[in-house]
Amino acid sequence: MGTLESFNPATGEPLGSVETTDPGDVQAAVDDVAEVQRFWGELSLRDRGRYLRRTADLLAADLDEVATLLSREQGKPITEAYTMEVVPTIDGLHWLAEEGPEILDDQPVRMGQGLFIGKRARFAFEPLGVVGVIAPWNYPWSIPFGEVAIALMAGNGVVLKPAELTPLIGERIRVAFEKAGVPDGLVRVLHGEGDVGAAITESSVRKVFFTGSVETGYKVGAACAARMKGSVLELGGKDPAIVCADADLQNAISGIVWAGFANAGQTCAGIERVYVVEEVAERFISGVVAETERLRVGDPSSWDVEVGPMVSTDQHEIVCELVDDAIADGAERRCGGPLEVSGSSGKYIEPTVLTGVSHEMRIMREEIFGPVLPIVVVASEEEAIELANDSDFGLGASIWTRDRKKGERMARRIESGMVWINDHAYSHAAMQCAWGGVKDSGLGRTHSRFGLRECVEVKNVTWNSARSRDLWWQPYDRTLGEAVRAAAGLLYGGAGSRVKVLREGGGSLLRTGAKTLRR
Ligand code: NDP
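The paragraphs below set out a description of the structure included in this document. (Residues numbered from 1 in each chain as written. Predicted model: local features only at pLDDT ≥ 70, side-chain atom pairs only at ≥ 80, totals over all residues. Heavy atoms only, no water.)

Regarding the site of the ligand
Quick reminder of the rule: Note on terminology: near, applied to a residue and a molecule or strand, indicates that one of the residue's heavy atoms is within 4 Å of it. What qualifies as a polar contact is a pair of N or O atoms within 3.5 Å, subject to a donor-acceptor requirement within protein and to the restriction that residues adjacent in sequence count only when both atoms come from side chains. All accessible-area figures derive from a Shrake-Rupley calculation using a 1.4 Å probe, and residue coverage is judged against the displayed protein chains alone.
E164, S213, L235, C268 and E367 are the nearest of the 29 residues found near the ligand. Between the ligand and S213 there is a distance of 2.7 Å, counted from an oxygen atom to a side-chain nitrogen or oxygen. Here an oxygen atom of the ligand and a side-chain polar atom of E367 are 2.4 Å apart. In the complex, 86% of the free accessible area of the ligand, which totals 910 Å², lies under the protein chains.

Next up, the structure:
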């Protein structure tokens, strides 16, 4: 066992440390959680909901403490720690407690077929057992917290592996549930490097909820498939925003600036490509540049700071390299760039707007993960949709228009898991909405009723009277064959064929029916 130190990216100040788990000890931890999960899985849905509601109440009381830790460990502006992370999870707990019991309750299945008269069926949603949650550093609270909460609502135990850069906030997730009385050991946090994540996928956890890069996501998905277990993969994005000529331009400018630069652009569903139609391009671009230049960059603990430091030097370098590459290829920097903030050792990038970018540039094809907004002027909405879809990613997209019907028509044509009309990405904060992508952006969904269903095994249970007997049981003979053929003709053949069916097979049908009843 070793230790992992956590640092404030804005100041370099050490914040604390956690014990790491040896990858070889991961299976034993999963076994320990499985012991506790057996009891948790027996609780009624309403009781599990009560624990989640209590977690929400205590979290509301601890709001300032959690938001401050989050901002200090990850570097996001303190306001965003509230708006984009902690407050939405409190709301999500209430939604789960309220709606979870109904969504996960047994559901009767209608058995309308004539051949199955008297049978009853239902779906039962059973916990998977222990699930793994492997988390990234960019939303180190809201992403894993939501997944842990959903897994618990469905009756599972959890092993959580936070990102190396944000271990303390990962640990605080466990504390939030345990403070509310969730049994100790039901949520276990395993710290360490990527090999701890890999050991979780190789352990006996029944499913892995992974959020992170495409490259690691493929590895996790393959490791799970090889062990006949599922995975939900929330991977990278390259979200486009399409600005139509009839957009409310001021609203589009403000919304796109927010979704492009929130969390210093380190957002999977941040806007990374803007396609604006030429009629409004000039006004839109000058509005975006003006609004971007007004953003305040600096100490994330300050209430009016809108952009904090990059989470790490590595992240800073990757983003600068992508921007330099685009400029070398002919893009124009309209504002922004690397920035020194006096009194802070953090690595900052002033929000950057690029124009003159082309579709082939790396900046338009690779995930940026920094405060950079490339804008492309297009001739038509049609061209915008084509370019938006010409990407390996498909997480989210937004369309900015006053025409709702047109926006919805365009939304259907976008290849992505989520489309927001006149907004972007906000629905991660609404637990009832599904979250997830298509193409390289991932597989499966978190949040919503679909996220809850990812956390259960669907068991189909049917009931028959103990005294009834099916006509298709042995012994087989010609009469049985003819009877089933006649039944098929009566049930599924056209009205015109019924007389013929009865004439040819009616006798067999009656004899088989009588035999079935006699037995
Ligand atoms: P990584 O893929 O590097 O890491 C994600 C997590 O996986 C970390 O906890 C990491 O541990 C762990 N890990 C590393 N290697 C393995 C392995 N072989 N097996 C299992 N787990 C492993 O991503 P980042 O943390 O850099 O996160 C950024 C990425 O996440 C971006 O691409 C972003 O788009 C994506 N993302 C997607 C979201 C979505 O909802 N679709 C939301 C947020 C982010 P360690 O930290 O120790 O390396």
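There's more to say after this.
So, unusual backbone geometry
Under the convention used in this document: Secondary structure is summarised from DSSP: a helix means a run of H or I of at least four residues, a strand means a run of E of at least two, and numbering begins at the N terminus for each.
In the segment running from Q474 into P475, the intervening peptide bond is cis, with an omega of 5°. Turning to its location among the elements, P475 is positioned in the loop between β20 (456–463) and α16 (478–492). Phi is positive for A264, close to 55°, though the residue is something other than glycine.

Quick look at the side chain of K76
Note the threshold: Any two residues having at least one pair of non-hydrogen atoms within 4.5 Å are treated as being in contact.
Relative to the assigned elements, K76 resides in the loop between α3 (63–74) and α4 (78–104). Those residues in contact with K76, other than ones at most four positions away along the chain, are S71, A81, E85, N138, Y139, N263 and P300.

Comments concerning the pattern of salt bridges
Rules: Here a salt bridge means any side-chain nitrogen of Lys or Arg lying within 4 Å of a carboxyl oxygen belonging to Asp or Glu. The buried label goes to any residue with under 20% of its type's maximum accessible area, the exposed label to any with over 50%, and the partly exposed label to all in between, with areas taken from a 1.4 Å probe on protein chains only.
Evaluation of the coordinates by the stated rule reveals 30 salt bridges. A salt bridge links K207 to E454; the nearest nitrogen and oxygen atoms lie 2.8 Å apart. In this pair, K207 is assigned in strand β8 (residues 207–211) and E454 in the loop between α15 (448–453) and β20, connecting sequence segments 247 residues apart. E454 gets classed as buried once you look at its relative accessible area, which sits at 17%. Here E381 makes a salt bridge to K406, at a shortest N to O gap of 2.8 Å. Here E381, found in helix α13 (residues 381–389), pairs with K406, found in helix α14 (residues 404–413); they are 25 residues apart in sequence, far enough to count as distant. Each of D62, E65, R172 and K179 takes part in one network of salt bridges that share partners.

Some remarks on the sheet that holds strand β6 (residues 157–161)
Counted only if it meets this: Here, strands pair whenever DSSP counts at least two bridges between them.
Taken together, the six strands give an open sheet; going across it, the order is β7-β6-β5-β8-β9-β19, and neighbouring strands pair in mixed fashion. Each end of this open sheet is capped by a strand with a single partner; those strands are β7 (187–189) and β19 (442–443). Bridge count between strand β9 (residues 230–234) and β19: two bridges; the pairing is antiparallel. Bridge pairing in β19 links L233 to L443.

Everything listed here is a matter of coordinates, which is why it stays silent on function.
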